[in-house]
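For reference, the chains in residue letters:
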Amino acid sequence: MWIQKEFRLKARPRGFHLVTDEVLSAIPELRSIRCGLLNILLKHTSASLTINENADPTVRQDFESFFNKSVPEDEPYYRHDYEGSDDMPAHLKSSILGATLTIPITNGRLNLGTWQGIYLCEYRNHGGSRSLVATIQGEGG
């Protein structure tokens, strides 16, 4: 069985945001899959997706601090700055973590570790809502 849906996440400020529940609410069809895979594509070049700590919010704050130090704004060698000082750094950060996730589905649930959650990594000061495509492949049951 194959299922594909496109949906939007609400706009968020710059930072790392736990969005597992929002993703799951957009794809209730997942509950009918006994064994399968969920692939999620973020259709943007200035944000990314990753899986990490779902309990302590300081982890998300530390991610933001690390990425801002690793990929600073206003570097004199950036040529792509049409949309502001966060423009090129957002593209670089997006490529570092990537725009897709693939997660196993077991008995209608994402088969994540106890402390794992899906992050939307928003690198723009004003990124807006974000479009995702979820593709589910699996056996019902």
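Residues numbered from 1 in each chain as written. Predicted model: local features only at pLDDT ≥ 70, side-chain atom pairs only at ≥ 80, totals over all residues. Heavy atoms only, no water.

1. Regarding the sheet that holds strand S7 (residues 116-122)
Let me state the cut-off plainly: Any two strands with at least two DSSP bridges between them are considered paired. Per the convention used, a helix needs a DSSP run of H or I reaching at least four residues, while a strand needs a run of E reaching at least two, with both numbered from the N terminus. Lines fitted to C-alpha atoms define the axes here, with helix axes fitted over just the stretch in contact, and angles between the N-to-C directions of these axes take values from 0 to 180 degrees. The contact criterion used is simple: two residues touch if any of their non-hydrogen atoms lie within 4.5 Å.
Overall, antiparallel pairing links the 3 strands, which are arranged S2-S7-S4 in an open sheet. Since the sheet does not close on itself, it has two edges, and those belong to strand S2 (15-18) and strand S4 (47-53), each with one partner. The mean inter-strand angle of the sheet, taken between neighbouring strand axes irrespective of direction, is 35°. Here S4 runs beside S7; their pairing, made up of 7 bridges, is antiparallel. Bridging across to S7, Glu53 finds its partner in Gln116. With respect to the sheet, helix H2 (residues 57-70) is in contact with S2, S4 and S7, its orientation differing from that of S2 by roughly 150°. Running at roughly 45° to S4, helix H3 (residues 87-97) makes contact with S2, S4 and S7 of the sheet.

The quantities given are spatial measurements derived from coordinates; they are silent on function.
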